[in-house]
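Examination of the molecular architecture
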Amino acid sequence: MTTTATPTKNPRTLIAAGTSNAAGATTRGTLDLRNTFGGLLTIKITNGGTGPTVQAVANVLCAHNSGATPAAASAGADWKTLYQVGNGTTSGTVGEWSIPVDQAVMHLEVEITGNTGQAVSCEAYFSEMSNVVYA
């Protein structure tokens, strides 16, 4: 008899497509991953027709809290930086990244921040694996 593992996969949104991160602002999204087996995170930042004076940066953070997801915030007491990438200042630049997220991560946050002079468009999505069933 052969045993096959079949995970349930769910799309999750941290930052919806086309979200505008105004110059000098910060956009964040969080997920509670305590009952999942990790997944794949994708992030996209698009500069407008006039690039920002200072680039937008995507920070991927995790929290080690066993309880509820902490309030969205920059790296500090709860949130710890896993990954950071910037999109540059050239007009029209599109940056896209994919990052595997380990099953050990309990809480996940994506933060888009740092751009000055101009807004940027951003998004972040997660393909979550959960409920592995053996047949």
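Structural data are supplied above this passage.
A brief report on the enclosed structure follows. Bear in mind that the values here come from a model prediction, so they are computed numbers and not experimental data.

**Overview of the nonpolar core**
Core analysis: the biggest nonpolar cluster contains 23 residues, and Leu14, Leu41, Ile43, Leu108, Val110, Ile112 and Phe126 have the highest contact counts within it. Counting residues per element, the ones that place at least two in this core are strand E1 (5-21), strand E3 (39-47), strand E4 (57-63), strand E6 (94-101), strand E7 (107-113) and strand E8 (120-134). With residues near it in sequence (within four places) discarded, Leu14 still touches Arg28, Gly29, Thr30, Leu31, Leu41, Leu108, Glu109, Val110, Ala124, Tyr125 and Phe126.

**Side note on the pattern of salt bridges**
Counted by the stated rule, this structure contains four salt bridges. Arg28 is the salt-bridge partner of Glu109, the closest N and O atoms lying 3.3 Å from each other. Remark: Arg28 occurs in strand E2 (residues 26-32) and Glu109 occurs in strand E7; sequence separation between them is 81 residues. Of the residues examined, Arg28 reaches a relative accessible area of 32% and is grouped as partly exposed.

**Concerning the pairing of E3**
Relative to E6, E3 is paired through eight bridges, and the arrangement is antiparallel. Across the sheet, residue Leu41 finds its bridge partner in E6, namely Ile99.

**Remarks on a nonpolar patch on the surface**
Together, Phe37, Met129, Val132 and Tyr134 make up an exposed nonpolar region whose accessible area comes to about 370 Å². Mapping Met129 onto the fold places it in strand E8. Classification of Met129 by relative accessible area gives partly exposed; the value is 30%.

**Quick notes on the sheet that holds E8**
The four strands are arranged E1-E8-E3-E6 in an open sheet whose pairing can be described as antiparallel. Of all strands in the sheet, those bounded by a partner on one side alone are E1 and E6. Direction aside, the axes of adjacent strands within the sheet are offset by 10° on average. Pairing of E3 with E8, which is carried by nine bridges, proceeds in the antiparallel orientation. Each bridged residue has a counterpart across the sheet, and for Gly39 the counterpart in E8 is Glu128.

Thresholds, definitions, all that
- Residues numbered from 1 in each chain as written.
- Predicted model: local features only at pLDDT ≥ 70, side-chain atom pairs only at ≥ 80, totals over all residues.
- Heavy atoms only, no water.
- Core = buried A, V, L, I, M, F, W, Y, C linked by side-chain atoms within 4.5 Å.
- Buried < 20%, exposed > 50% of the residue type's maximum accessible area, 1.4 Å probe, protein only.
- Helix = DSSP H or I, 4+ residues; strand = E, 2+ residues; numbered from the N terminus.
- Contact = heavy atoms within 4.5 Å.
- Salt bridge = Lys/Arg side-chain N within 4 Å of Asp/Glu carboxyl O.
- Pairing = 2+ DSSP bridges.
- Patch = residues over 30% accessible without salt bridge, like charges linked within 9 Å, V, L, I, M, F, W, Y side chains within 5 Å.
- Areas by Shrake-Rupley, 256 points an atom, 1.4 Å probe, with all protein chains shown as cover.
- Axes fitted to C-alpha atoms, helices over the stretch in contact; angles between N-to-C directions.

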